[in-house]
Amino acid sequence: MVTAVTEGVKVSVETHYQPEYSSPAQNHFVFTYRITIENDGDNTIKLHRRHWQIFDTNNEMREVEGEGVIGQQPVLEPGEKHQYVSGCNLRSGIGKMRGIYLMERVMDGKHFEVIIPEFTMIVPYLLN
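Note that this is a predicted model, so its numbers are computed, not measured. (Residues numbered from 1 in each chain as written. Predicted model: local features only at pLDDT ≥ 70, side-chain atom pairs only at ≥ 80, totals over all residues. Heavy atoms only, no water.)

## Examining the pattern of salt bridges
And step 1. Using the criterion set out here, one finds 7 salt bridges in the structure.
And step 2. We note a salt bridge from E38 to K10, for which the minimum N-O separation is 4.0 Å. Of this pair, E38 sits in strand β3 (residues 29-39) while K10 sits in strand β2 (residues 9-17), placing them 28 residues apart in sequence.
And step 3. In this structure, the salt-bridge partner of E60 is R62, at a minimum N-O distance of 3.7 Å.
And step 4. On the accessibility criterion, E60 (28% relative accessible area) is partly exposed.
And step 5. You can call R62 partly exposed: its relative accessible area is 28%.
And step 6. It is possible to trace a salt-bridge network through shared partners that takes in K96, R98 and E118. (Salt bridge = Lys/Arg side-chain N within 4 Å of Asp/Glu carboxyl O. Helix = DSSP H or I, 4+ residues; strand = E, 2+ residues; numbered from the N terminus. Buried < 20%, exposed > 50% of the residue type's maximum accessible area, 1.4 Å probe, protein only.)

Listed below in structure tokens is the structure:
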């Protein structure tokens, strides 16, 4: 698990390879990742957007941007957390992702960026 804290917002990421949905012979590798967003600050915050950079070891880089996370724009009071699971497919068995969330401090409407820490996705048998 990797973790980063930006302006009192803690983001943790945990990844898992999904062999039952992958097809290595066709260069198709599926991973899921669980993200936990914790509001350790003093203000209510709202997640508006996300921006991902996805890197594959075959030198391919993709960017994904959009509203919210899995169709939601969670609002977190101080001390609350939000968790979700999403997925990514790679053409090789090794890759990494990193990104940012665009958040709003509800009290005054101030927008700020929160770092999503870089995390790796590696097919377990490639570690040997």
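## Remarks on unusual backbone geometry
And step 1. If you check the backbone angles, N27 has positive phi at about 55° while not being a glycine.
And step 2. In this structure, N27 sits in the loop between β2 and β3.
And step 3. At N59, a position not held by glycine, the phi torsion is positive, near 65°.
And step 4. If you trace the backbone, N59 turns up in the loop between β4 (45-56) and β5 (60-67).
And step 5. The exposed category is assigned to N59, whose relative accessible area is 78%.

## As for the pairing of strand β1 (residues 2-6)
And step 1. In this sheet, β2 lies alongside β1 in antiparallel orientation, the contact comprising 5 bridges. Residue pairing across strands places V5 opposite K10, the latter belonging to β2.
And step 2. Between β1 and β2, which pair antiparallel and follow one another directly, the connecting turn spans 2 residues, one of which, E7, has a positive phi of 45°. (Pairing = 2+ DSSP bridges.)

## Notes on the sheet that holds β1
And step 1. Pairing within the open sheet is antiparallel, and its 4 strands lie in the order β1-β2-β3-β7. The open sheet is flanked by β1 and β7 (81-90), the only strands paired with a single partner. Pairwise comparison of adjacent strand axes, ignoring direction, gives a mean angle of 20° for this sheet. (Axes fitted to C-alpha atoms, helices over the stretch in contact; angles between N-to-C directions.)

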